[in-house]
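Survey of secondary and tertiary structure
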Amino acid sequence: MDTAIGSIPAASDSASAAAAAPSASAPREATLGRHLARRLSEVGARDVFTVPGDFNLTLLDELEAEAGSTGVRLVGCCNELNAAYAADGYARARAGGVGACAVTFTVGGLSAINAVAGAFSENLPVVCVVGGPNSNDYGSNRILHHTIGLPDFTQELRCFQNVTCYQAVVNHLEDAHEQIDNAISTAIRESKPVYISISCNLPSIPHPTFSHHPVPFFLSPRLSNQMSLEAAVEAAAQFLNKAVKPVLVGGPNMRVSKACKAFVELADACGYPIAVMPSAKGLVPEHHSRFIGTYWGAVSTPFCAEIVESADAYLFAGPIFNDYSSVGYSLLLKKEKAIIVQPERVVIGHGPAFGCVMMKDFLHALTTRLKKNTAAYENYRRIYVPPGEPLSSEPGEPLRVNILFKHIQAMLSANSAVIAETGDSWFNCQKLKLPEGCGYEFQMQYGSIGWSVGATLGYAQAAKDKRVIACIGDGSFQVTAQEVSTMLRWGQNNIIFLINNGGYTIEVEIHDGPYNVIKNWNYTGLVEAFHNGEGKCYTAKVRTEEELKEALKAALGPKKDCLCFIEVIVHKDDTSKELLEWGSRVSAANSRPPNPQ
């Protein structure tokens, strides 16, 4: 039968048209969309960050309809990038749980993909759900809107293949159950994002596989090869027990390995001092009696680098040595002194290497094999000098950044969480001493400016027991500012310090130019406009320490239930000495001439 250009074929032309209407006998709740909602709820993604579009509207209806029985809530965001950033922050707060976002086809998915790539780099299980084309359109040679004008619907999929560990394109009801379960299972097992595209005409259709009581989620645990584990522990114990002043350094991959507790137990048993790489801050309790700070090469916590780099053996648990964490590849470490423990692999010196060894199993087993050795920590105690407190400002004196962070330090408690934006906040927040139970997050590997606004939304939505304190530069804030309106809509009481120094300070220190200067905004006025009389909001613009104290008194007192936005105006040259040193070394690494051919 001939079909006119631009017309829709008759129902008889589609093999799946018969499924378009729910049968009277099928239970209303047994639909694809509701099955997805139940699965997300099961794995802890009870808030789904969304932006509506015509390809995902029916899906959103079904997710919303399941809210009463599963507790899934749709958190509407201002754009897809921020929705995926929020899913990133949500996954962080859930300590191994899943974050989720739901957007529309291509225009939504490709907007979210930058944040999904960041979650991939940080080993976070984020489920990115996209409302896709009608199942009848696949193979039809039609051109759809929201695409690049080709009758090929795989462009978005091909983009996501590079930044997700599993991709499911659901355009048949028969295998939808398996595809959704496989995607979510893979996200949890690999601790990486996954992509699920669901045809827009399928979410509300019942099917027998979508049971009202689905089979509970079950994942087989990953197990170490016992012979390899024993050999790795034996070799590591010999290596460390002959050392005079060994140390332990925690890295960011301890999170994905769920090995933070095992790392601390090892430290308790062996007596070594413990440090963390900068991207692992918050993964190790800083109130530990032998915690010596952040190891970050030339910009380490005072006296920490001296102890780590002078050790004759160091065990790094889950490190990532990139140009940022290595300060332009300038760390003074020797491979022959190192044991590198990754999630499933242990390497001792230049070898041997042991595979199929889970980090948590290795650290736990090593606990009973090491001799007590406190020599390196005793050296640290001998050279350690407590840091001085910055002097209080004179009346009317312009506020300095070190004064600001002195007051932020005093605010921290077990009921706090710190979100540090890419930039000078990295270095100032690294200096904060985290009380027991205080959360801490930043995105070091990907370093996408603007990440913290969406991540603050997501983290606060997941961690209702904590008050989130976000430190954000003015340049970063301009990228994703609008999501503060979503925080207000959901009644969050975050404290946002907008540090206004007139530009992209971290870029200035790496490579200066006129492009690093940005248009100044009336930031408090912008947040007041977002507020628009709806919700609880407090704003303050501070230029002196006296004004800062007044703002904090309000934020911690009568305005404690409000979203508090404090714009802190500082001089553009008031940057941490650590950023200056780090910037110069990273700049030098970036400026290396090509290697000779």
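This one's a predicted model, so the numbers in the text were calculated from it and none came from an experiment.

On to the overall build of the protein, then. Assigned secondary structure in the protein consists of 22 helices and 19 strands. Whereas a compact globule of 597 residues would reach a radius of gyration of roughly 25 Å, the protein reaches 26 Å, a difference of no more than 12%. C-alpha extents for the protein along the principal axes are approximately 85 × 65 × 55 Å. The buried share of the protein, reckoned over its 597 residues, is 55%. Once local pairs closer than 6 in sequence are excluded, the contacts in the protein between residues at least 24 apart make up 77%. Approximately 24,900 Å² of the protein is accessible, and the part contributed by carbon and sulfur atoms is 55%. Here the protein holds 50 positive side-chain charges and 59 negative ones, and the gap between their average locations is 7 Å.

Here the focus is the pattern of salt bridges. Summed over all chains, the structure comprises 21 salt bridges. In this structure, the salt-bridge partner of Arg222 is Glu190, at a minimum N-O distance of 2.7 Å. Taken as a pair, Arg222 in the loop between strand S6 (194-199) and helix H8 (226-241) and Glu190 in helix H7 (residues 176-190) lie far apart in primary sequence, 32 residues in all. Here Glu286 makes a salt bridge to Lys281, at a shortest N to O gap of 2.8 Å. Each member of the pair Glu286 and Lys281 is classed as buried. Beyond isolated ion pairs, a larger network of salt bridges with shared partners links Asp88, Arg92, Glu122, Arg255 and Glu441.

In the structure shown here, the tally under the stated rule is 21 aromatic pairs. Relative to Phe442, the ring of Tyr440 lies with its centre 5.9 Å away and its plane at 65°, an arrangement referred to as edge-to-face. The residues Tyr440 and Phe442 share a single accessibility class, namely buried. Ring geometry for Trp521 versus Tyr523: centroids 5.7 Å apart, planes at 35°, classification tilted. For Trp521, a relative accessible area of 30% corresponds to the partly exposed category. Following the ring pairs from residue to residue traces out a cluster consisting of Trp296, Tyr324, Trp426, Phe427, Tyr440, Phe442 and Trp582. In this structure, Lys192 is placed above the aromatic ring of Phe120, and the distance from its NZ or CZ to the ring centre is 4.0 Å. For the cation-ring pair, Lys281 lies above Tyr440, with the distance from its terminal atom to the ring centre recorded as 5.4 Å.

This part covers the layout of surface pockets. In this structure, the largest pocket occupies an estimated 1,100 Å³ of space. In terms of lining, the largest pocket is formed by 37 residues, of which the most central are Thr301, Pro302, Pro387, Lys431 and Leu432. Secondary-structure elements contributing two or more residues to the lining of the largest pocket are strand S9 (291-294), helix H13 (375-383), helix H14 (401-411), helix H15 (424-430) and helix H22 (577-590). For the lining of the largest pocket, the element with the highest residue contribution is H14, accounting for five residues. Class assignment for the residues of the lining of the largest pocket results in 16 nonpolar, eleven polar and ten charged.

Quick look at the nonpolar core now. Of all hydrophobic cores here, the largest spans 102 residues; its most connected members are Phe49, Phe405, Phe477, Val484, Phe497 and Trp582. Counting residues per element, this core draws most heavily on helix H4 (residues 80-93), which supplies eight residues. When near neighbours in sequence (up to four residues on either side) are disregarded, Phe405 contacts Asn428, Cys429, Leu432, Cys471 and Ile499. By size, the runner-up hydrophobic cluster in this structure holds 38 residues, among which are Leu248, Ala259, Val284 and Phe362.

The next point concerns helix H10 (residues 260-270). For H10, the set of buried residues is Cys260, Ala262, Phe263, Val264, Leu266, Ala267 and Cys270. The secondary structure elements touched by the buried residues of H10 are strand S7 (247-250), helix H9 (253-257), strand S8 (274-276), strand S10 (314-317) and helix H12 (359-366). Two residues or fewer after H10 comes Gly271, characterised by a positive phi angle close to 80°.

Spatial strand order, S15-S14-S16-S17-S19-S18: six strands in an open sheet with parallel pairing. On the outer flanks of this sheet lie strand S15 (439-442) and strand S18 (537-542), each paired with one strand and no other. Sheet twist, expressed as the mean angle between neighbouring strand axes with direction ignored, is 15°. Note: S18 against strand S19 (residues 563-569), six bridges, orientation parallel. Across the sheet, the residue bridging to Lys541 is Glu567, located in S19. Contacts from helix H20 (residues 523-531) reach strand S17 (495-500), S18 and S19, with the element oriented near 170° to S18.

To continue, consider the UniProt feature "binding site: Mg(2+)" (unreviewed entry) in the protein. According to UniProt, the positions carrying the feature "binding site: Mg(2+)" (unreviewed entry) are Asp474, Asn501 and Gly503. One can find Asp474 in helix H17 (residues 474-480).

The tally for this structure, following the rule as stated, stands at six cavities of 30 Å³ or more. Its volume calculated, the second largest cavity comes out at about 160 Å³. As for the second largest cavity, its lining consists of 16 residues, and the residues nearest its centre are Ser121, Glu122, Pro252, Ser279 and Ile320. In terms of residue class, the lining of the second largest cavity is made up of six nonpolar, seven polar and three charged.

Once that is clear, we can look at the packing of helix H1 (residues 32-42) against H7. The contact between H1 and H7 brings their axes to 11 Å, and the two run at 25°. Judged by the inter-axis angle, H1 sits roughly parallel to H7. Considering only the axes of H1 and H7, their crossing is right-handed. Judged by residue contacts, Leu32, His35, Leu36, Arg39 and Leu40 of H1 engage Ala176, His177, Ile180, Asp181 and Ile184 from H7.

Further remarks concern H8. Taking 1.5 Å per residue as the helical rise, H8 with its 16 residues ought to reach 22 Å, and the 22 Å between its terminal C-alpha atoms agrees with that figure. For H8, every residue scored as buried is listed here: Ser228, Leu229, Ala232, Val233, Ala236, Ala237, Phe239 and Leu240. End-on, the buried residues of H8 take up no more than an arc of 160°, which puts them together on one face. Of the residues that open H8, the one with a side-chain oxygen 3.1 Å from the backbone nitrogen of Met227 is Asn225.

Thresholds applied
Residues numbered from 1 in each chain as written. Predicted model: local features only at pLDDT ≥ 70, side-chain atom pairs only at ≥ 80, totals over all residues. Heavy atoms only, no water. Helix = DSSP H or I, 4+ residues; strand = E, 2+ residues; numbered from the N terminus. Rg over C-alpha atoms; globule rule 2.2 N^0.38 Å. Buried < 20%, exposed > 50% of the residue type's maximum accessible area, 1.4 Å probe, protein only. Contact = heavy atoms within 4.5 Å. Areas by Shrake-Rupley, 256 points an atom, 1.4 Å probe, with all protein chains shown as cover. Lys, Arg positive; Asp, Glu negative; His and termini not counted. Charge placed at Lys NZ, Arg CZ, Asp CG, Glu CD. Salt bridge = Lys/Arg side-chain N within 4 Å of Asp/Glu carboxyl O. Phe/Tyr/Trp six-rings, centres within 6.5 Å; stacked < 30°, edge-to-face > 60°. Lys NZ or Arg CZ within 6 Å of the ring centre and 35° of its normal. 1 Å grid on protein atoms, 1.4 Å probe; cavity = no way out; pocket = protein on both sides within 12 Å on 5 of 7 lines; lining within 4 Å. Points joined across faces, edges and corners; volume = space filled by probe spheres on them. Nonpolar A, V, L, I, M, F, W, Y, C, P; charged D, E, K, R; others polar. Core = buried A, V, L, I, M, F, W, Y, C linked by side-chain atoms within 4.5 Å. Pairing = 2+ DSSP bridges. Axes fitted to C-alpha atoms, helices over the stretch in contact; angles between N-to-C directions. UniProt positions renumbered as here; feature names shortened; annotations may be inferred. Parallel < 35°, antiparallel > 145°, perpendicular 65-115°, else oblique. Left-handed = near helix turned anticlockwise from the far one by under 90°. Expected span 1.5 Å × (residues − 1). Arc of directions from axis to C-beta. Polar contact = N/O pair within 3.5 Å; in protein donor to acceptor, adjacent residues only side chain to side chain.

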